[in-house]
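# Examining the three-dimensional arrangement
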Amino acid sequence: MQKYLHRIIWRDDTFEEQVFVKRTFVKLSILGIYKRSTRVTFGGRAWFFAVEAFFLLQISTIVWDLATVLGDIGLFGDNMCILAGLLLMLVKKWHSVAKVDEIAECVEQLQAYHVYYLQKGDRFVRRMRNQNLQERLLLDAAALIATVLGGCLIVNILSQMALQFCLLRMEFETIGTELSLPLDGPLHGDEELRRRIHRMIANHQQLLGFCNRLKRVYEPNIMAQFVCSMLIICLTAFELMFAKGDPMQMIRFGAYMLTAFYQIFIWSFFGNRVTQTSTGISDGTVSCNWTVLDDSLKKDLRLTTMRSQKPFVIDVYRLFPLTYETFIAILSRSYSIFTVLRTMIE
């Protein structure tokens, strides 16, 4: 019982040999998002088509309602907020269904990384288990308010990407720890050591390629999230301006606005975390006992250090990166649009 409580409270990802993001991916099956779901017959997916039909019916109703409340700016903004949220859910679901096979392959790759580091020793296992408390709280909150489970999945994937860079940095730090500097004679550069270092360098290149692939897969999802969130923030702020004296309306739109704020923040936080940890590889190569290595291996580590000093940035269509600066910029843009709307009304 104690082990199960520890798993629930502290998010012990090593309790089983299954990465946490894989369990999140399995939960997507309730939305009709699972491996090879695109090859399932129409009859086999009738329930999920019914759910989508319900969403489309709701969207059609709201669009029709918008045409009848053009003279009431309050109701118009209210309907627009709901419409933006429904469209976001539908777009994210369709994107996940269209890319489900690629997402499944990426999740399996994260599972392979998870199993690999489980075998590296207690130091790596402790790092995988003792996830930063701040990250755990943010992940749990994201799971609670996720627009759909797919929104929670990308947050888990970003967290795992940052973790992989941390673990790889720790692996680089172990280079030469068991070796001593020879007083005379050649430096260390035997075949086994050379193969081990080259495997780490190859893992670094593979991880960068894997992160680039994930970025390409989720670019439409992230773009839709940011555009809709910015629209929701503007509209809810606009509605709050008209809700003065109505506490229920203020609570309603205030909560909606905070949810949009948080969804942008959580993605920016973990995107920024990936960028920071990607440059940590250079700290690992510099912190290792590189002085005992021969010139050839030193050169290899120097090239890896130079490459890792260029941070990996999740830039969506090269328009904006997932960083804190983007989060602040989106809030600024939202306020600017809100100011324009308020000026037009006044």
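These numbers were taken from a predicted model, which means no experiment stands behind them.

## Some points on the overall build of the chain
- When helices and strands are counted, the chain shows 13 helices and 2 strands.
- For the chain, with 346 residues in total, the buried portion stands at 48%.
- A total accessible area of about 17600 Å² is found for the chain, and carbon and sulfur atoms account for 62% of it.

## A closer look at the environment of Leu168
- Following the sequence through the fold, Leu168 ends up in helix α8 (residues 149–173).
- Residue class for Leu168 comes out buried when judged on its relative accessible area of 1%.
- Along the chain, Leu168 and Gly280 lie 112 residues apart, while their C-alpha atoms are 9.1 Å from each other.

## A look at the packing of aromatic side chains
- Following the criterion strictly, the structure yields 10 aromatic pairs and no others.
- Between the aromatic rings of Tyr116 and Tyr117, the centroid separation amounts to 4.9 Å while the plane-to-plane angle is 75 degrees, which identifies the pairing as edge-to-face.
- Given the relative accessible area of 3%, Tyr117 is considered buried.
- Of the aromatic side chains, those joined through ring pairs into one cluster are Tyr262, Phe265, Phe269, Phe270, Tyr324 and Phe327.
- In this arrangement the basic side chain of Arg123 is found over the ring face of Phe124, its NZ or CZ atom lying 6.0 Å from the centre.

## Description of the environment of Asp294
- Along the chain, Asp294 falls in the loop between α11 (280–287) and α12 (295–308).
- Under the relative-accessibility criterion, Asp294 is labelled buried at 16%.
- Spatially, the C-alpha atom of Asp294 lies 9.3 Å from that of Asp190, the residues being 104 residues apart in sequence.
- The contact partners of Asp294, leaving out residues within four places of it in the chain, are Leu187, His188, Gly189 and Arg194.
- Engagement of the side chain of Asp294 in a polar contact is seen with the side chain of Arg194, the distance being 2.8 Å.

## Considerations on the state of the cysteines
- Counted under the stated rule, the structure contains 0 disulfides.
- Cys211 takes part in no disulfide bond, and the closest cysteine sulfur, belonging to Cys106, lies 9.7 Å away.

## Notes on the packing of helix α9 (residues 191–242) against α12
- It is at 11 Å that the axes of α9 and α12 come closest, and there the two elements cross at 15 degrees. The angle between α9 and α12 falls in the class roughly parallel. The handedness of the crossing between α9 and α12 is left-handed. Between α9 and α12, the residues in contact are Leu193, Arg194, Ile197, His198, Ile201, His204, Gln205 and Leu208 and Ser296, Leu297, Asp300, Leu301, Thr304, Arg307 and Ser308, respectively.

## Points about the UniProt feature "transmembrane region" (unreviewed entry) in the chain
- Residues annotated by UniProt as "transmembrane region" (unreviewed entry) correspond here to residues 46–67, 137–158, 222–241 and 253–270.
- Helix makes up 100% of residues 222–241 and strand 0%. Its end C-alpha atoms lie 29 Å apart.
- For residues 253–270, the helix share is 100%, the strand share is 0%, and the end-to-end C-alpha distance is 26 Å.

## Section: the pattern of salt bridges
- In this structure the tally under the stated criterion is 8 salt bridges.
- Of the charged contacts in the structure, one is a salt bridge between Glu171 and Lys120, with a shortest N-O distance of 3.4 Å. Of the two residues, Glu171 is situated in helix α8 and Lys120 in the loop between α5 (100–118) and α6 (122–129); the sequence distance between them amounts to 51 residues.
- Residue Glu171 is classed as buried on the basis of its relative accessible area of 1%.
- The salt bridge partner of Glu173 is Arg169, with a shortest N-O separation of 3.4 Å. Note that Glu173 and Arg169 are positioned in helix α8 at a spacing of 4 residues, about one turn of the helix.

## So, the packing of α5 against α6
- Between α5 and α6, whose axes approach to 8 Å, the crossing angle comes to 135 degrees. Comparing the axis directions of α5 and α6 gives the class oblique. Residues His114, Tyr117 and Leu118 of α5 pack against Phe124, Val125 and Met128 of α6.
- Class assignment of the residues belonging to the contact of α5 with α6 gives a composition of 5 nonpolar, 1 polar and no charged.

## Overview of the side chain of Ser268
- You can see Ser268 is positioned in helix α10 (residues 247–278).
- The class of Ser268 is buried, set by a relative accessible area of 0%.
- If near-sequence neighbours (up to four positions away) are discounted, Ser268 is found in contact with Phe226, Leu322, Thr323, Tyr324 and Phe327.

About the thresholds
- Residues numbered from 1 in each chain as written.
- Predicted model: local features only at pLDDT ≥ 70, side-chain atom pairs only at ≥ 80, totals over all residues.
- Heavy atoms only, no water.
- Helix = DSSP H or I, 4+ residues; strand = E, 2+ residues; numbered from the N terminus.
- Buried < 20%, exposed > 50% of the residue type's maximum accessible area, 1.4 Å probe, protein only.
- Areas by Shrake-Rupley, 256 points an atom, 1.4 Å probe, with all protein chains shown as cover.
- Phe/Tyr/Trp six-rings, centres within 6.5 Å; stacked < 30°, edge-to-face > 60°.
- Lys NZ or Arg CZ within 6 Å of the ring centre and 35° of its normal.
- Contact = heavy atoms within 4.5 Å.
- Polar contact = N/O pair within 3.5 Å; in protein donor to acceptor, adjacent residues only side chain to side chain.
- Disulfide = S-S within 2.5 Å.
- Axes fitted to C-alpha atoms, helices over the stretch in contact; angles between N-to-C directions.
- Parallel < 35°, antiparallel > 145°, perpendicular 65-115°, else oblique.
- Left-handed = near helix turned anticlockwise from the far one by under 90°.
- UniProt positions renumbered as here; feature names shortened; annotations may be inferred.
- Salt bridge = Lys/Arg side-chain N within 4 Å of Asp/Glu carboxyl O.
- Nonpolar A, V, L, I, M, F, W, Y, C, P; charged D, E, K, R; others polar.

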